[in-house]
Amino acid sequence: AQSVTQLDSQVPVFEEAPVELRCNYSSSVSVYLFWYVQYPNQGLQLLLKYLSGSTLVKGINGFEAEFNKSQTSFHLRKPSVHISDTAEYFCAVSPNYGGSQGNLIFGKGTKLSVKP
Amino acid sequence: SAVISQKPSRDICQRGTSLTIQCQVDSQVTMMFWYRQQPGQSLTLIATANQGSEATYESGFVIDKFPISRPNLTFSTLTVSNMSPEDSSIYLCSVEGRWNTIYFGEGSWLTVV
């Protein structure tokens, strides 16, 4: 079975500051890794994903994440945040069985609050 | 990318009633998924719906409570039966698009009173 831990439930940060949202996972098999963002009163939008290859993954809106297999982590980073980045961010994994990736296991989410 | 439309977007329902949520995709997809997001919680997969076969439910979810239909490759419904306040959640439809990317609908925000 897989599980995902997002270590921070809330992260307040000032505009233009860097931010890191932490995500650790547990799995007995290899996994695919995802970050989703949920803006207020909206659905989920995919930020980025790691399937294979380079461990540094770049996504939309200037976000990037690094897969660290030894530490079972997939932390999300942005060097300079904007007010518009205020949202809830979800880390998710799916087991790498070679089939559909639809069975996602989500973390509990991190609410990023960007202040002026 | 896939465009997913869900109806209703929001609803307030009386306990003991049932509500059917519709999910329409703008392209044909093999697998559709239904998730639940309870207040302050993360998302949990309810079931996987393949066209032409019965849905596969995750542990803790049963067909009598959450019957699912999948009549074609672009449409699915999820019914929340005999609702109680504990069923107040956001219900999200998702599909797998190209390159193993999972797309989500806007969600159906359900409040049971």
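Structure: above.
Reading the values: the criteria
- Residues numbered from 1 in each chain as written.
- Chains lettered and ligands numbered in written order.
- Predicted model: local features only at pLDDT ≥ 70, side-chain atom pairs only at ≥ 80, totals over all residues.
- Heavy atoms only, no water.
- Phe/Tyr/Trp six-rings, centres within 6.5 Å; stacked < 30°, edge-to-face > 60°.
- Helix = DSSP H or I, 4+ residues; strand = E, 2+ residues; numbered from the N terminus.
- Buried < 20%, exposed > 50% of the residue type's maximum accessible area, 1.4 Å probe, protein only.
- Lys NZ or Arg CZ within 6 Å of the ring centre and 35° of its normal.
- Disulfide = S-S within 2.5 Å.
- Contact = heavy atoms within 4.5 Å.
- Buried area = accessible area lost by both parts, 1.4 Å probe.
- Salt bridge = Lys/Arg side-chain N within 4 Å of Asp/Glu carboxyl O.
- Polar contact = N/O pair within 3.5 Å; in protein donor to acceptor, adjacent residues only side chain to side chain.
- Nonpolar A, V, L, I, M, F, W, Y, C, P; charged D, E, K, R; others polar.

Student: What's the story with the packing of aromatic side chains in this structure? I'm lost.
Tutor: The geometry of two aromatic rings is summed up by the distance between their centres and the angle between their planes. Scanning all chains against the criterion turns up twelve aromatic pairs over all chains. Measuring from centroid to centroid gives 5.9 Å for Tyr36(A) and Phe106(A), while their planes differ by 50 degrees, and the two rings are tilted. One end of the pair, Tyr36(A), is in strand 5 (residues 31–38); the other, Phe106(A), is in strand 11 (residues 105–106), and 70 residues separate them in sequence. The same class applies to Tyr36(A) and to Phe106(A), which are both buried. Taken together, the aromatic side chains of Phe34(A), Tyr36(A), Phe90(A), Phe106(A), Tyr35(B) and Phe104(B) make up a single cluster linked through ring pairs. A cation over an aromatic ring shows up here: Arg10(B) above the ring of Trp109(B), its NZ or CZ 4.5 Å from the ring centre.

Student: How should I be thinking about the state of the cysteines in this particular structure?
Tutor: Where two cysteines share a covalent bond between their sulfur atoms, that bond is called a disulfide. Residues and elements named next belong to chain A. Under the defined criterion, the tally for this structure stands at two disulfides over all chains. With a sulfur-sulfur separation of 1.9 Å, Cys-23 is cross-linked through a disulfide to Cys-91. As the torsion about the S-S bond is roughly -65 degrees, the Cys-23-Cys-91 disulfide counts as left-handed. Taken together, the residues Cys-23 in the loop between strand 3 (19–21) and strand 4 (24–26) and Cys-91 in strand 10 (residues 87–95) connect sequence positions 68 residues apart. Take Cys-23: its relative accessible area is 0%, and that puts it in the buried class. Taking relative accessible area as the criterion, Cys-91 reaches 0% and is therefore assigned buried.

Student: What is the right way to look at the interface of chain A and chain B in this model?
Tutor: Reports of interface size often rely on the accessible area that becomes lost once the parts have come together. Across the boundary between the two partners, chain A contributes 20 residues, which contact 20 residues of chain B. Summing both sides of the interface, chain A and chain B together bury roughly 1600 Å²; the carbon and sulfur share of this comes to 52%. Summed over the shared surface of chain A and chain B, the number is zero salt bridges. The interface formed by chain A and chain B holds four residue pairs in polar contact (both at pLDDT 80 or more) in total. Looking at the side of chain A that touches chain B, the elements with two or more residues in it are strand 5 and strand 6 (44–50) of chain A. The residue inventory of the side of chain A that touches chain B, partitioned by class, reads eight nonpolar, ten polar and two charged.

From the geometry alone we can't say anything about function, so treat these as descriptive.
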